[in-house]
Amino acid sequence: MSANKKMLTREINFTLNGSPVQVSVPVAENALIMLREELNLTGTKYGCGEGECGACSILMDGESVNACLMFAVDCDGREIVTVEGLAQDEVNDQLRDAFVEKGAVQCGFCSPGMMIAAKALLDKKPNANRDEIKRGLEGNICRCTGYVKIIDAVAAVSGTNQ
Amino acid sequence: MPTIEKESLIGKRVPKMDAPEKAAGRTRYVHDMNLPGQLIGKILRTDRIHAKILSMDTSAAEALPGVKAVITAKDMPAKMLGLNNDNPPLKGDKVRAERDEIAAVAAITEEIALEALKLIKVEYEDLPTLFDPRESEKEGAPHIQESKDSNVCMEFEYEHGDAAKAETEADFVIEDTFKLHYVTHACMGVSGVIADFDNITGNLTLHSNTQVPFLHKREFSEVLEMDPSRIRIIQPPIGGGFGSKLDIYPFEPIAVILAKKSRCPVKIVFTREEEFMASPTRQPAYINLRSGVKKDGTITSRVFDSLLDNGAYTSWGATIPFVMMQTASSFYRVTDCQYATKAVYTNNPTAGSFRGYGNLQATFAIEQHMDKMAEAVGMDPLEFRLKNAQEAGEVTGQGMHFKTCGFKECLSTAGEKSDFSRKFAENNANRGNGNPVKKGIGMASMLHVGGGAKIYPSDGCGTILKMDDFGHVTILTGASEIGQGSETVLSQLVCEELGVPLSAVTVVNNDTDITPWDVGVHASRTTFIGGNAAIGAAKLAKAKVLESASQVSNIPADQLDMRGGCIVRADDGEVIMQLGKLLRGMHFKDKAELVTTSFYYEPPSVHQDKGFKGDVSAAYAWATHVVEVEVDTETGIVTLDKVTAAHDVGRVLNEMSLEGQIEGGIIMGQGYALTEDLLVKEGRVITPNFRDYKMVTAPEIPEIDLSFIETQDGEGPQGAKGVGEAPSICMAAAVGNAIYNATGVRIYEAPYTPEKVYRALKGAVEAPSMAAE
Ligand code: FES
Ligand code: FES
């Protein structure tokens, strides 16, 4: 059965962190495994594999989605940005610096997903207030921080105190 | 010459040193590592709960192309895991729990490994099961560990004074039974290990998430029957610990034996479902409390009896009574105390160590019981606690010395800032009004170790410090970083001594071949013990540097100081020379090696005696949390609106990290109180995912108002105490008290899920009992 699965591959083309990529992926493989194992982008994390924790968040055409719930082949023709992609673009330095300066990172395992969720939110609502920020991070679990400092970090970028 | 003022990083909001990398997604956790030639290991777990293994056939699995090793119990050395020596890494004769490992496969892909597992055939004969710890001691109960005399795996008894006699002097005697549930660490990074066994040299390198690398090195050598000096443990950054990585679990020796047999590195990483099902839990408990109190509010006696569900194997969880005991005997002034706790075997999941180590359970019971006592004598809960609270200078009946103690300040600070007494009375008065949503306010406090814990013969930590030609400092410490920020705090403490900026410090803390010995990250001990060790090494280095500077400058060493990367005159800060320049000169002189070492053992106080009398820690942490809730009596939904917390932290070293620890602990405590419930039905975890095991998410967090009480502990590094565990401890009790304040209904069983609260309000929840139905 594994042999069968391996044979059923498809070639896809998409933009990954600003550059075009072409990969051949098993049709049943999810996007998280493709990113982590085929493309060696390990910044995107596995936390549950069931769309419940947000550790695997990536941007697809600007929307935050759970890579673990997506088939790799569904990336075809899309624009995908991972946490590594955020780091390449200096417009995101402010957000990352805010995570650091505000103490939003402890073990750091949720941080890549949080960065992606925050980025997606701020792109849509640059002046998001604290309630909007909380809702924007709702799909991302953090076991360490209690969220306060993550919300502080995003609020520092959106310029809100409320 | 320019001058430099003394600049201190102590108490500042210093960002974590590893945060930039982590936020950029660049940190490589064990999950993210792959070694050349690495295989994927998968574990076959039993589909039974309690059964004899009659036969096992692995031939089909072995024949599957791509499979490089299949192992069963007969491939493992005979040594067992666990505190009671009762957990074979692979079970050969008998399985006792859902999680039981019976075989493992290493293959070139995960898919092949999983497919191979399916090809393993096992025949069983089912045995009678035992799921209720209260049944464990009964005549005729199934015997879980056949080599043991009974199902009792650990028993603790302690007393001081004469509780029975003291009870006769009480005006009121209050007795309650409480029940606590299963929760689990649910670290965001699941369990994982890479075993790299070099069959040519015989060296084993483990890339492991352990919190206690040095003790595990020894334990691995025993379990694997290997020379310990051949074992090297490297700790990649850890995706959350909270006590879960304090023990060796079967998957780790399994990975090693797979690596040995296949002659390839083997990586085992759990799925989330496995993590829920097969990693340790917090102990479910029944706790019975009986206390005597006089009309004036003086506590006269306390009898504490509890029963813990240990599961089928013994991990550190069985030793939590040691911590619960302190809360029973010494948290308040209790002149006469009698304490007994038993942990018993069942066919349920194995309980392990978890942040707070039994104190969440003990505090849940004691702090609700305190509210009931206050009510019995007609006192406000705050006033009642203040009357019985410990103070600095107290030596408790158990023999603990509270050299510093901010308990009363914690109580009054949290009480005043939350306006507790007024709101408490107001909510009480409003209970009867027609509004279905009731407001409640509740208080709970806690006592926990704050200066290391004397669990092992030594509670030590070593530090090696070296300075290079440019004034760059490398700290090699045994103290592990698990996300709590130890790296940063240790660096701050060293900067304080050596007057170098944080950017001039590197911390190496993750390799047993390089770093000095340490007991491990647990018991809120790292800042305290690791911090003192680092200060010791820095002080030695400073003395060396200043001695040399004195020779060059002809200024006596005691009139010199190190600031801003320079040697300065201590009184006016005038720069004498650059540190780097001095160091470069020193390196070409005789006996000028700039490596210092230091070791900090727990301070020279004795261990507890056989009757548990004496200190367990060099310092103790205190805290009070006041919570404000809304209880919707029509749905049972309890909303946590606000937490006002005051913590005796000794001294604030890094304000931001400290807030982060406390906020995180508060929210973990909120989960314990309200949402997290690892449901176990007939030995099976039926909530092995985040859909059913409900963790608190961002929109649900309360407003948090934090205060730090600085009692400047004489033994602590710069006066600080450990606080890593403290904040999660008193949340559930405070929420229970608040629900009572809102509704007049006391619910003796956590968690306070909507269903339970709704049913309790309807009078449909029976009070728990220590005796089995
Ligand atoms: S791993 Fe995708 S949501 Fe958890
Ligand atoms: S920082 Fe550890 S899970 Fe968020």
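## Topic: helix α7 (residues 148-158) of chain A
Next up, step 1: Of all 11 residues that make up α7 of chain A, eight are buried, and the element is covered over most of its length.
Next up, step 2: Among the residues of α7 of chain A, V148, K149, I150, I151, A153, V154, A155 and S158 of chain A are the ones counted as buried.
Next up, step 3: In this structure, the buried residues of α7 of chain A make contact with α4 (93-101), α5 (111-124) and α6 (130-136) of chain A together with α16 (655-675) and β28 (703-709) of chain B.
Next up, step 4: Two residues or fewer after α7 of chain A comes G159 of chain A, characterised by a positive phi angle close to 75°.

## Some words on the pairing of strand β20 (residues 560-563) of chain B
Residues and elements named next belong to chain B.
Next up, step 1: Both faces of β20 are covered, namely the face carrying L560 and M562 and the face carrying D561 and R563.
Next up, step 2: Direction of pairing for β20 relative to strand β21 (residues 566-569): antiparallel, over a ladder of four bridges. Opposite M562, over in β21, you have I567 as the bridge partner.
Next up, step 3: Counted between consecutive antiparallel strands, the loop separating β20 from β21 contains two residues, among which G564 sits at a positive phi close to 50°.

## As for a nonpolar patch on the surface
Residue and element names in this part refer to chain B.
Next up, step 1: On the surface, a nonpolar cluster with roughly 300 Å² of combined accessible area is contributed by W517, F599 and Y601.
Next up, step 2: Of note, F599 is situated in strand β23 (residues 595-600).
Next up, step 3: Taking the relative accessible area as the measure of exposure, F599 reaches 36% and is therefore partly exposed.

## Thoughts on the domain arrangement of chain A
Put simply, an interface is often sized by how much accessible area is lost when its parts join up.
Residues and elements named next belong to chain A.
Next up, step 1: Assigned domains of chain A: these are domain 1 (9-84) and domain 2 (89-158).
Next up, step 2: With centres defined by C-alpha atoms, the gap from domain 1 to domain 2 works out at 21 Å.
Next up, step 3: Counting residues at the interface gives 16 residues for domain 1 and 12 residues for domain 2.
Next up, step 4: Buried area between domain 1 and domain 2, both sides added, is near 1000 Å², and the carbon and sulfur share of it is 66%.
Next up, step 5: Contact with domain 2 buries surface across domain 1, with K45, L59 and V83 losing the most and accounting together for 35% of the total.
Next up, step 6: In this structure, E63 and K124 form a salt bridge, with 3.4 Å as the shortest nitrogen-oxygen distance.
Next up, step 7: The interface formed by domain 1 and domain 2 holds five residue pairs in polar contact (both at pLDDT 80 or more) in total.
Next up, step 8: Mapped by element, the contributors of at least two residues to the side of domain 1 that touches domain 2 are β3 (57-60) and β4 (63-66).

## Re the sheet that holds strand β5 (residues 101-107) of chain B
Residue and element names in this part refer to chain B.
Next up, step 1: What the seven strands build is an open sheet, ordered β3-β5-β1-β12-β9-β10-β11; its pairing is mixed. One side of each edge strand has no neighbouring strand; the edge strands of this open sheet are β3 (67-72) and β11 (231-234). Averaged over neighbouring strand pairs, the angle between their axes works out to 20° when direction is ignored.
Next up, step 2: Note that strand β1 (residues 39-45) and strand β12 (residues 266-269) share two bridges and pair parallel. Within β12, the residue paired with L39 across the bridge is V266.
Next up, step 3: Sitting on the sheet, helix α3 (residues 110-118) is in contact with β1, β3 and β5, with an inclination near 25° to β1.
Next up, step 4: Relative to the sheet, helix α5 (residues 213-223) contacts β10 (203-208) and β11, its axis offset from that of β11 by approximately 145°.

Rules of the game
- Residues numbered from 1 in each chain as written.
- Chains lettered and ligands numbered in written order.
- Predicted model: local features only at pLDDT ≥ 70, side-chain atom pairs only at ≥ 80, totals over all residues.
- Heavy atoms only, no water.
- Buried < 20%, exposed > 50% of the residue type's maximum accessible area, 1.4 Å probe, protein only.
- Helix = DSSP H or I, 4+ residues; strand = E, 2+ residues; numbered from the N terminus.
- Contact = heavy atoms within 4.5 Å.
- Pairing = 2+ DSSP bridges.
- Patch = residues over 30% accessible without salt bridge, like charges linked within 9 Å, V, L, I, M, F, W, Y side chains within 5 Å.
- Areas by Shrake-Rupley, 256 points an atom, 1.4 Å probe, with all protein chains shown as cover.
- Salt bridge = Lys/Arg side-chain N within 4 Å of Asp/Glu carboxyl O.
- Domains from an automatic or database assignment.
- Buried area = accessible area lost by both parts, 1.4 Å probe.
- Polar contact = N/O pair within 3.5 Å; in protein donor to acceptor, adjacent residues only side chain to side chain.
- Axes fitted to C-alpha atoms, helices over the stretch in contact; angles between N-to-C directions.

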